[in-house]
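Report on the structure
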Amino acid sequence: MASSAVTAYEMTAASNWWDEVNKSAVWQDRIFHVLAALYGVVAVVALVQLVRIQLRVPEFGWTTQKVFHFLNFLVNGVRCVVFVFRRDIQKLSPEIVQHILLDLPSLAFFTTYALLVLFWAEIYYQARAVSTDGLRPSFFTINAVVYAVQIAMWLILWWKPIPVVVILSKMFFAGVSLFAALGFLLYGGRLFLMLQRFPVESKGRRKKLQEVGYVTTICFLCFLVRCIMMCFDAFDEAADLDVLDHPILNFIYYLLVEILPSSLVLFILRKLPPKRGITQYHPIR
């Protein structure tokens, strides 16, 4: 009985702490400013890496690697600004502006990492002597459809804020995230298995195998967690990420699905391309 009473007391104390932090304007500002600082650091790292790549291979245009780092800089930079002014954004009217400022970086995050899937798909099919002509049009078409659907939902919410459309918008994000997770599992997994069949005596091939394995695992888990969290967000008010009084949940969510994955991927892909004889280096056309 005494043990049960202690357990109940501890659970109540933890619940009170969670509620106190969530309802505290000071803690809300602190947590959102910490998120802004973390996003700012990731944005600076992506920009520095972009500059380093440009200095290494200035003769190439907007390659896949450069676009990936530029989009990382853009996504994290916008997130940083949004969280710096999070309290002011919550007061913006009409409400659709709030949705756009919070959701648009998520769409850009999807595009950024879908670019990695495209890159790996091209390498995989080229290695198997299969035409890759349809991959880039498919990439642009998928992104165009995703953005068009989301813009349509924003316009409906602007015209008339319908709760069911808000739920559909969040479920749409969940579906897009699941699609991205499966894309990483499919093409990252295929590339990993293909590389595994090659001799891995050389240090470079071992590193490439590890790189693909680590990035595939990180990105798959990242988008899977985002999918699950967005499903909870859509149907459970306690899991709402669009309000100020859920700062702890926001911190956990954005740390797990954007900040930590982006940091790890940027670290893993930190190697600069060689100055000459680049075969796996594809420009964006």
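In this text, all values refer to a predicted model and were calculated from it rather than measured experimentally. (Residues numbered from 1 in each chain as written. Predicted model: local features only at pLDDT ≥ 70, side-chain atom pairs only at ≥ 80, totals over all residues. Heavy atoms only, no water.)

One can find Leu107 in helix H5 (residues 96-127). On a C-alpha basis, the gap between Leu107 and Asn143 in space is 8.8 Å, while along the polypeptide they are 36 residues apart. If near-sequence neighbours (up to four positions away) are discounted, Leu107 is found in contact with Val146, Tyr147, Gln150, Trp154 and Phe173. (Helix = DSSP H or I, 4+ residues; strand = E, 2+ residues; numbered from the N terminus. Contact = heavy atoms within 4.5 Å.)

For Phe251, the position within the fold is in helix H9 (residues 247-268). Through-space distance from the C-alpha of Phe251 to that of Leu35 is 6.7 Å; in sequence the pair is 216 residues apart. If we ignore the near neighbours within four places in the chain, the residues touching Phe251 are Ile31, Val34, Leu35 and Leu38.

What follows covers the side chain of His99. Within the element layout of this structure, His99 appears in helix H5. Taking relative accessible area as the criterion, His99 reaches 15% and is therefore assigned buried. (Buried < 20%, exposed > 50% of the residue type's maximum accessible area, 1.4 Å probe, protein only.)

The next point concerns the UniProt feature "transmembrane region" (unreviewed entry) in the protein chain. Here the UniProt-annotated "transmembrane region" (unreviewed entry) positions come out as residues 31-55, 106-125, 137-159, 171-193, 214-235 and 251-269. In residues 106-125, helix accounts for 100% and strand for 0%; the two terminal C-alpha atoms are 29 Å from one another. Helix and strand shares over residues 214-235 are 100% and 0% respectively, and the end C-alpha atoms of the span are 32 Å apart. (UniProt positions renumbered as here; feature names shortened; annotations may be inferred.)

In this section: empty space enclosed by the protein. Under the defined criterion, the tally for this structure stands at two cavities of 30 Å³ or more. For the largest cavity, the calculated volume is near 170 Å³. Forming the boundary of the largest cavity are 18 residues, of which Asp103, Phe173, Met230, Asp233 and Asp242 lie nearest the centre. Of all the secondary-structure elements, those providing two or more residues to the lining of the largest cavity are H5, helix H6 (135-159), helix H7 (163-197), helix H8 (203-235) and H9. Of the residues in the lining of the largest cavity, the class split is nine nonpolar, three polar and six charged. As a volume, the second largest cavity reaches approximately 50 Å³. Lining of the second largest cavity is provided by Ser106, Leu107, Phe110, Phe173, Val176, Ser177, Phe223 and Arg226. Elements represented by at least two residues in the lining of the second largest cavity include exactly H5, H7 and H8. Considering only residue class, the lining of the second largest cavity consists of five nonpolar, two polar and one charged. (1 Å grid on protein atoms, 1.4 Å probe; cavity = no way out; pocket = protein on both sides within 12 Å on 5 of 7 lines; lining within 4 Å. Points joined across faces, edges and corners; volume = space filled by probe spheres on them. Nonpolar A, V, L, I, M, F, W, Y, C, P; charged D, E, K, R; others polar.)

Ranked by internal contacts, the top residues of the largest apolar core, which has 68 residues, are Phe68, Tyr113, Leu116, Phe184, Val215, Phe223 and Val265. Secondary structure elements with two or more residues in this core: helix H2 (25-56), helix H3 (64-84), H5, H6, H7, H8 and H9. (Core = buried A, V, L, I, M, F, W, Y, C linked by side-chain atoms within 4.5 Å.)

Moving on to the layout of surface pockets. For the second largest pocket, the calculated volume is near 470 Å³. As for the second largest pocket, its lining consists of 23 residues, of which Glu95, His99, Val166, Lys170 and Asp240 are closest to the centre. Elements with a minimum of two residues in the lining of the second largest pocket: H5, H6, H7 and H8. Within the lining of the second largest pocket, the residues separate by chemical class into 13 nonpolar, three polar and seven charged.

A few words on the packing of H3 against H9. When two helices pack together, their arrangement is given by the angle between the helix axes and the distance between those axes. Between H3 and H9, whose axes approach to 12 Å, the crossing angle comes to 145°. Pair H3 / H9 crosses with left-handed handedness. Every residue of H9 that contacts H3 at Phe68, His69, Asn72, Asn76, Arg79 and Phe83 is listed here: Tyr254, Glu258, Ser262, Val265 and Leu266. Across the contact of H3 with H9, the residue classes tally to five nonpolar, four polar and two charged. (Axes fitted to C-alpha atoms, helices over the stretch in contact; angles between N-to-C directions. Left-handed = near helix turned anticlockwise from the far one by under 90°.)

Turning to the pattern of salt bridges, a few remarks are in order. Scanning the entire structure with this criterion turns up six salt bridges. With a shortest N-O distance of 2.7 Å, Glu122 and Arg136 are connected by a salt bridge. Remark: Arg136 occurs in helix H6 and Glu122 occurs in helix H5; sequence separation between them is 14 residues. Residue class for Arg136 comes out buried when judged on its relative accessible area of 13%. For Arg226, the salt bridge goes to Glu258, with nearest N and O atoms at 2.7 Å. Placement of the pair is Arg226 in helix H8 and Glu258 in helix H9, with a sequence separation of 32 residues. With respect to burial, Arg226 and Glu258 carry one shared label: buried. Residues joined by salt bridges that share partners form a network here, namely Arg79, Arg226 and Glu258. (Salt bridge = Lys/Arg side-chain N within 4 Å of Asp/Glu carboxyl O.)

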